[in-house]
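Listed below, chain by chain, are the residues.
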Amino acid sequence: MATTINGIRVCSWTKVLALLWLVQLATGEVSSVCKTMPAFGKEDSEEKCCNIPEMFPNETIHACMGEYDQSSMPQLQKSCKFTTCVLKKHNLIKSDNRLDTEQIKAYIKDKIKASDEWKRLIEKAVLQECLPMVEKDNAVAKQVKSALSDCDAIAGLTMACAAAKLYSNCPTKDWTGSTTCDEWKTFLSKCSTTMEDLNEMYILIESQKME
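I will try to describe carefully the structure that is included in this document. (Residues numbered from 1 in each chain as written. Predicted model: local features only at pLDDT ≥ 70, side-chain atom pairs only at ≥ 80, totals over all residues. Heavy atoms only, no water.)

## Quick look at empty space enclosed by the protein
For step 1, the next point in the chain: Enumeration over the complete set of coordinates arrives at 2 cavities of 30 Å³ or more.
For step 2, the next point in the chain: Approximately 80 Å³ is the volume found for the largest cavity.
For step 3, the next point in the chain: Lining the largest cavity, in full, are M55, F56, L87, L92, L99, I104, Y107, I108, I112, I122, V126 and M159.
For step 4, the next point in the chain: Among the secondary structure elements, those contributing two or more residues to the lining of the largest cavity are helix 3 (101-110) and helix 4 (116-136).
For step 5, the next point in the chain: Grouping the constituent residues of the lining of the largest cavity by class yields 12 nonpolar, no polar and no charged. (1 Å grid on protein atoms, 1.4 Å probe; cavity = no way out; pocket = protein on both sides within 12 Å on 5 of 7 lines; lining within 4 Å. Points joined across faces, edges and corners; volume = space filled by probe spheres on them. Helix = DSSP H or I, 4+ residues; strand = E, 2+ residues; numbered from the N terminus. Nonpolar A, V, L, I, M, F, W, Y, C, P; charged D, E, K, R; others polar.)

## Structural notes on the packing of aromatic side chains
For step 1, the next point in the chain: Inspection of the entire model under this criterion finds 3 aromatic pairs.
For step 2, the next point in the chain: Seen in terms of ring centroids, W184 and F187 are 5.7 Å apart; in terms of plane orientation they differ by 85 degrees. Their pairing is edge-to-face. A residue pair is termed a helical-turn pair when its members lie 3 or 4 positions apart in one helix, as W184 and F187 do in helix 7 (residues 179-190) at 3 residues. (Phe/Tyr/Trp six-rings, centres within 6.5 Å; stacked < 30°, edge-to-face > 60°.)

## Details of the nonpolar core
For step 1, the next point in the chain: One finds F56, L87 and L99 to be the most contacted residues of the largest nonpolar core, which totals 53 residues.
For step 2, the next point in the chain: Every element with two or more residues in this core is listed here: strand 2 (48-50), helix 1 (58-68), helix 2 (75-89), helix 3, helix 4, helix 6 (154-168), helix 7 and helix 8 (195-207). (Core = buried A, V, L, I, M, F, W, Y, C linked by side-chain atoms within 4.5 Å. Buried < 20%, exposed > 50% of the residue type's maximum accessible area, 1.4 Å probe, protein only.)

## Here we look at the environment of C50
For step 1, the next point in the chain: Structurally, C50 is set in strand 2.
For step 2, the next point in the chain: You can call C50 buried: its relative accessible area is 0%.
For step 3, the next point in the chain: For the pair C50 and W175, spaced 125 residues apart in sequence, the C-alpha separation works out to 4.8 Å.

## Digging into the pattern of salt bridges
For step 1, the next point in the chain: Tallied over the entire structure, the rule returns 3 salt bridges.
For step 2, the next point in the chain: Across the pair R98 and E135 runs a salt bridge whose closest N-O atoms are separated by 2.8 Å. Placement of the pair is R98 in the loop between helix 2 and helix 3 and E135 in helix 4, with a sequence separation of 37 residues.
For step 3, the next point in the chain: Between K105 and E102 there is a salt bridge; the shortest N-O distance is 3.7 Å. Of the two residues, K105 and E102 both sit in helix 3, 3 residues apart, roughly one turn of that helix. (Salt bridge = Lys/Arg side-chain N within 4 Å of Asp/Glu carboxyl O.)

## Thoughts on the side chain of T158
For step 1, the next point in the chain: Locating T158 in the fold gives a position in helix 6.
For step 2, the next point in the chain: For T158, a relative accessible area of 0% corresponds to the buried category.
For step 3, the next point in the chain: Beyond its immediate sequence surroundings of up to four residues, T158 is in contact with L99, V126, C130, L131 and V134. (Contact = heavy atoms within 4.5 Å.)

Take it as geometry only, folks, not as evidence of what the structure does.
Structure follows, in structure tokens:
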């Protein structure tokens with residue numbers, strides 16, 4: 001799990017809480033486009049592609065990492081609990097562990113320091129695109145819940161999906177426009193519309209041990 005949240009790079013989304021955790025539970029047809037990840041070299045690994053606003057304070061990220069990063073629990077469960085920890089610290093999850101849509105709207109409006117354009121993009125990605133998609137896929141939700149037992153993965157899956165959406169819809173003024181970045185933008189845009197494609201994307205990313 002990457003520890004930096006200082007900016008989106010070719011290989012890292014942690015600033016927007018994409019955990020890059022391996023879902024591996026989705027079933028169904030995967031788009032052929034999502035079976036091959038864009039190439040990159042060592043010289044590209046630190047390249048900043050999109051200047052996405054900071055979603056959560058450093059202290060929140062580090063506090064939750066401190067709770068779970070060194071745990072012996074499986075990585076999937078560890079990442080799920082990490083996500084839940086971050087969201088709970090900002091009161092974005094209800095007592096039944098469902099995302100609080102009204103609190104999320106208020107948080108985006110009042111807490112995230114960003115332009116109105118970015119705030120609209122964030123709200124659309126989280127509440128209009130990703131959360132409905134994740135909640136609609138009952139088969140995957142049940143499999144994830146079964147695998148994690150005491151951790152509801154809906155929030156984590158939603159945040160990871162939203163990270164890909166924000167990256168692929170980065171406004172022109174915040175985008176570098178490099179060849180490598182453009183290839184990743186296309187890849188993420190095409191592979192963040194179904195749970196199966198998201199799953200395939202995260203498997204590829206994890207297999208490369210990216211940070």
